[in-house]
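# Structural overview
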Amino acid sequence: MTFQLGVILQNAQLNVWNTTIGNAGTLSIYSGVEPVSCAAPDPTGLLDTIALPSIPFKAAVGGLFDLNGIWSTATPLAAGTSQSFRIYDNGGNCMMQGNTSTDLVLSPPQIVLGKPVTVTVFRIIFGNS
């Protein structure tokens, strides 16, 4: 059975992410591949951890939302090519994960010690299926 959600419900479901992630969420970037699920152990090769804004995403409009402000860090933890990421709540629980080639775009994708890392694109679109 296939169903469609109205935009009001899509926006409401997306907006609850800000509350669930909390005001001290973090984004971790890894050189290892994305695990099968958030329940799996963290990927290998932690390259950087970015403290998220207290409200990580702008309010949802039309079933999608974008990152709020600039997500960046001045000094990465290690050098390497990013492959995956995880977003954690303020309790350290994995809330979501993905890859850094299509899901979350970094500038630069190749992380170099001493050079800032900035998330340039992170848009979440509520799927209707």
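All values derive from a computational prediction rather than experimental measurement. (Residues numbered from 1 in each chain as written. Predicted model: local features only at pLDDT ≥ 70, side-chain atom pairs only at ≥ 80, totals over all residues. Heavy atoms only, no water.)

### Remarks on the nonpolar core
Leu27, Phe57, Trp71, Ile87, Val119 and Phe122 are the most contacted members of the largest nonpolar core, which has 22 residues in total. Among the elements of the structure, helix H1 (7–21), strand S1 (26–30), strand S2 (46–51), strand S6 (84–88) and strand S10 (117–121) are those that each provide at least two residues to this core. Those residues in contact with Val119, other than ones at most four positions away along the chain, are Leu27, Ile50, Leu67, Trp71, Leu104, Val105 and Leu106. (Core = buried A, V, L, I, M, F, W, Y, C linked by side-chain atoms within 4.5 Å. Buried < 20%, exposed > 50% of the residue type's maximum accessible area, 1.4 Å probe, protein only. Helix = DSSP H or I, 4+ residues; strand = E, 2+ residues; numbered from the N terminus. Contact = heavy atoms within 4.5 Å.)

### Some remarks on the side chain of Ser28
Mapping Ser28 onto the fold places it in strand S1. Look at Ser28 and you get buried, because its relative accessible area is 6%. Of note is the side chain of Ser28, whose polar atom sits 3.3 Å from the side chain of Thr49. Setting aside anything within four residues of it in sequence, one finds Ser28 in contact with Leu46, Asp48, Thr49, Ser84, Phe85, Arg86 and Tyr88. (Polar contact = N/O pair within 3.5 Å; in protein donor to acceptor, adjacent residues only side chain to side chain.)

### Here's the deal with the environment of Asn11
You can see Asn11 is positioned in helix H1. By relative accessible area, which is 15% here, Asn11 ends up buried. For the pair Asn11 and Ala24, spaced 13 residues apart in the sequence, the C-alpha separation amounts to 22 Å. Residues within four places of Asn11 in sequence aside, it is in contact with Ala60, Val61, Gly62, Gly63 and Leu64.

### Looking at the packing of aromatic side chains
Under the counting rule described, the total for this entry stands at seven aromatic pairs. With a centroid separation of 6.4 Å and 75° between ring planes, the pair formed by Trp17 and Phe57 is classed as edge-to-face. Note that Trp17 is positioned in helix H1 and Phe57 in the loop between S2 and strand S3 (64–66), a separation of 40 residues in sequence. The exposure class assigned to Phe57 is buried, which follows from its relative accessible area of 1%. Ring centres of Phe57 and Phe65 lie 4.5 Å apart, and the angle between their planes is 10°; this geometry places the pair in the stacked category. Per residue, the accessibility class of Phe57 equals that of Phe65, and both read buried. Three or more aromatic residues joined by ring pairs form one cluster here, namely Trp17, Phe57, Phe65, Trp71, Phe85 and Phe122. (Phe/Tyr/Trp six-rings, centres within 6.5 Å; stacked < 30°, edge-to-face > 60°.)

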